[in-house]
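Descriptive structure summary
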4 protein chains.
Amino acid sequence: MNITLAQAQQALRAAIDKAEKMEVMQNIAILDCGGNLVAFARMDNAWIGSIDIAIKKARTARYFDMDTQKIGEMSQPGEPLYGIEVSNGGLITFGGGMPIKNADGTIIGAIGVSGGTVDQDMDVAKAGIEALK
Amino acid sequence: MNITLAQAQQALRAAIDKAEKMEVMQNIAILDCGGNLVAFARMDNAWIGSIDIAIKKARTARYFDMDTQKIGEMSQPGEPLYGIEVSNGGLITFGGGMPIKNADGTIIGAIGVSGGTVDQDMDVAKAGIEALK
Amino acid sequence: MNITLAQAQQALRAAIDKAEKMEVMQNIAILDCGGNLVAFARMDNAWIGSIDIAIKKARTARYFDMDTQKIGEMSQPGEPLYGIEVSNGGLITFGGGMPIKNADGTIIGAIGVSGGTVDQDMDVAKAGIEALK
Amino acid sequence: MNITLAQAQQALRAAIDKAEKMEVMQNIAILDCGGNLVAFARMDNAWIGSIDIAIKKARTARYFDMDTQKIGEMSQPGEPLYGIEVSNGGLITFGGGMPIKNADGTIIGAIGVSGGTVDQDMDVAKAGIEALK
């Protein structure tokens, strides 16, 4: 069960709409079940450095099937996964990456958002995943 | 003078429409003037290995402001640019990457297409750049 | 709006002059809006390992349009961007990278300085950006 | 015996002057004896992809103490060094990279030029090395 381009574009559209309402310039990446890129958009004047971060957030969320924020908590100094971010060619372990599930709860891909504060990134990612529920 | 997200999505839409008519599954990447990703789409069942090739084709086209096919001709054994593909973290030197110009001829970005034959990739890339002329 | 070579050399000259006065051997990199190198100088006997750091500082500053020192504060353990340095092929998240603005405040590139203490690096970077105001 | 920044900037200046006379936009890199960057300039509107190529040409010339053109001849299909370009993180094996010697013939660094035809790149590189003889 894999996300389709039509679904990815729908999630992307919803995320962009949310970001526009919030007036924050975002990079938004949608990946499939294999952790491979399906759709991407960088809003005008969004940070260039957030292209890679958006993609890596989505990949991190799918590689471990959980929100990147949760992985971040577990990878602080002294915590069980300390240092995990150097694996897999670089993970991003703060909020803004989330698995995408379809209506029946199956994980079909992941979304990663970067360009605002971490809270803003998470809000925009949520808008993307809500669109497919 | 840099491509906007709206322009990138317009070129992407035109390229997808062309690929659907040709019944070929494509990966399509749109980059800005600095060689940084702006928009991307992978059609359902398109080759995963073509994600990176599509992006690298677009980057190659912008990095040298010419079609990747032309660079390919110049980098054959015995030709002046033989071996150029190992530079810049990996270039793609066959057809399917093209600079994007706006109505007055200024280069504003680049498109890269991968997933079909090289001829099909070039046809789809052309459809993308025609949409912005 | 992109930095010209003449502007980059002017900023580079001002930064070298400052470093000479401070008697510190610096590596100084000037990048354009796309994060691509425009001008570079390594002063005699400056650290070789600081070539890459100077370039990465400038890239980091342009990728997020802020001083690298600020990104460093936000990426300490427990802070929102903890771990960001593994993205984008390696970021540098301590002081010495700054966006370059022209007289009207538009970002036209970035400067990165490495070779002294972080405070010295920031002083030299500031001298570079002041030269274009 | 290593090239100084003053010498590197003198060679760079001579190379830029030559390129301006030829009306070709060049990327020019000067490396030291260790193969590490000392000075760099990208002329306005020069190819972005030539930044890396200019640096790699200079490195290739210093790593083997000969013109890159000569290495190119030896690395064609069927020739002794076929495939050498994938070593050392990527070599460039066509003309435009040359060792720099001081007045008494000692190699003190290397120059790499990229942005024109291979012949133009070699002419500009020669102008750079002549300036230090």
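Everything numeric in this text was worked out from a predicted model, so none of it was measured. (Residues numbered from 1 in each chain as written. Chains lettered and ligands numbered in written order. Predicted model: local features only at pLDDT ≥ 70, side-chain atom pairs only at ≥ 80, totals over all residues. Heavy atoms only, no water.)

Remarks on the environment of D:Tyr63
All names here are of chain D. Tracing the backbone shows tyrosine 63 in helix H2 (residues 49–64). For the pair tyrosine 63 and leucine 91, spaced 28 residues apart in the sequence, the C-alpha separation amounts to 9.5 Å. The contact partners of tyrosine 63, leaving out residues within four places of it in the chain, are Gly34, Gly35 and Asn88. (Helix = DSSP H or I, 4+ residues; strand = E, 2+ residues; numbered from the N terminus. Contact = heavy atoms within 4.5 Å.)

Section: the sheet that holds strand E1 (residues 27–32) of chain A
Taken in spatial order, the eight strands of this open sheet run E3(A)-E4(A)-E1(A)-E2(A)-E2(B)-E1(B)-E4(B)-E3(B), and their pairing is antiparallel. Looking at which strands have only one partner, the edges of the open sheet turn out to be strand E3 (97–101) of chain A together with strand E3 (97–101) of chain B. Here the average twist between neighbouring strands, direction ignored, is 20 degrees. Relative to strand E4 (residues 107–114) of chain B, strand E1 (residues 27–32) of chain B is paired through six bridges, and the arrangement is antiparallel. Looking at E4(B), one finds that B:Leu31 is bridged to B:Ala110. The sheet strands contacting helix H2 (residues 49–64) of chain B are strand E2 (37–42) of chain A together with E1, strand E2 (37–42), E3 and E4 of chain B, and the helix crosses E4(B) at an angle near 150 degrees. (Pairing = 2+ DSSP bridges. Axes fitted to C-alpha atoms, helices over the stretch in contact; angles between N-to-C directions.)

Some thoughts on the pattern of salt bridges
Following the criterion strictly, the structure yields 24 salt bridges over all chains and no others. Close ionic contact of C:Lys133 with C:Glu130 constitutes a salt bridge, the shortest N to O distance being 3.4 Å. Between D:Arg13 and D:Asp17 there is a salt bridge, with its nearest N and O atoms 3.1 Å apart. Of this pair, D:Arg13 and D:Asp17 both sit in helix H1 (residues 5–22), separated by four residues, roughly a single helical turn. (Salt bridge = Lys/Arg side-chain N within 4 Å of Asp/Glu carboxyl O.)

With respect to the pairing of E2(B)
All names here are of chain B. Among the six residues of E2, six are classified as buried, and the element is accordingly described as predominantly covered. Relative to E2, E1 is paired through five bridges, and the arrangement is antiparallel. From the neighbouring strand, asparagine 27 faces E2, where its bridge partner is arginine 42. Joining the antiparallel neighbours E1 and E2 is a turn of four residues, in which glycine 35 adopts a positive phi near 85 degrees. (Buried < 20%, exposed > 50% of the residue type's maximum accessible area, 1.4 Å probe, protein only.)

Describing the relation of the copies chain B and chain A
Relative to chain A, chain B is turned by 180 degrees and slid 0.2 Å along the rotation axis, the superposed coordinates differing by an RMSD of 0.1 Å. Such a turn and shift between the copies fits a two-fold axis. Measuring from the rotation axis to each C-alpha of chain B, the shortest distance belongs to B:Phe40, at 2.4 Å. The share of interface residues of chain B whose copies in chain A are also at the interface is 100%, consistent with both copies meeting through the same surface. (Least-squares fit on C-alpha atoms with pLDDT ≥ 70 in both.)

Section: the sheet that holds strand E1 (residues 27–32) of chain C
One open sheet holds the eight strands; their spatial order is E3(C)-E4(C)-E1(C)-E2(C)-E2(D)-E1(D)-E4(D)-E3(D), and the pairing between them is antiparallel. Strand pairing shows two members of the sheet lacking a second neighbour, strand E3 (97–101) of chain C together with strand E3 (97–101) of chain D, which therefore form its edges. Averaged over all pairs of adjacent strands, the angle between strand axes in this sheet comes to 20 degrees, irrespective of strand direction. Taken strand by strand, helix H2 (residues 49–64) of chain C contacts E1, strand E2 (37–42), E3 and strand E4 (107–114) of chain C together with strand E2 (37–42) of chain D, and its axis lies near 150 degrees from that of E4(C).

Regarding the interface of chain B and chain A
Interfaces are frequently sized by the accessible area removed from exposure as the parts join. In this assembly, 18 residues from chain B lie in contact with 18 residues from chain A. Roughly 1400 Å² of surface becomes buried between chain B and chain A when both sides are summed, with 52% attributable to carbon and sulfur atoms. Looking only at chain B, the three residues that lose the most surface to chain A are B:Leu5, B:Leu37 and B:Arg42, adding up to 36% of its buried area. Where chain B packs against chain A, one counts two salt bridges. (Buried area = accessible area lost by both parts, 1.4 Å probe.)

Considerations on the side chain of C:Lys56
All names here are of chain C. By secondary structure assignment, the location of lysine 56 is in helix H2. Given the relative accessible area of 16%, lysine 56 is considered buried. Lysine 56 has contacts with Gly89, Gly90 and Ile92, leaving out every residue within four places of it along the chain.

Here's the deal with the pairing of strand E1 (residues 27–32) of chain D
Counting buried positions over the six residues of E1(D) gives six, a clear majority of the element. Burial along E1(D) is two-sided: D:Asn27, D:Ala29 and D:Leu31 and D:Ile28, D:Ile30 and D:Asp32, pointing in opposite directions, are all buried.

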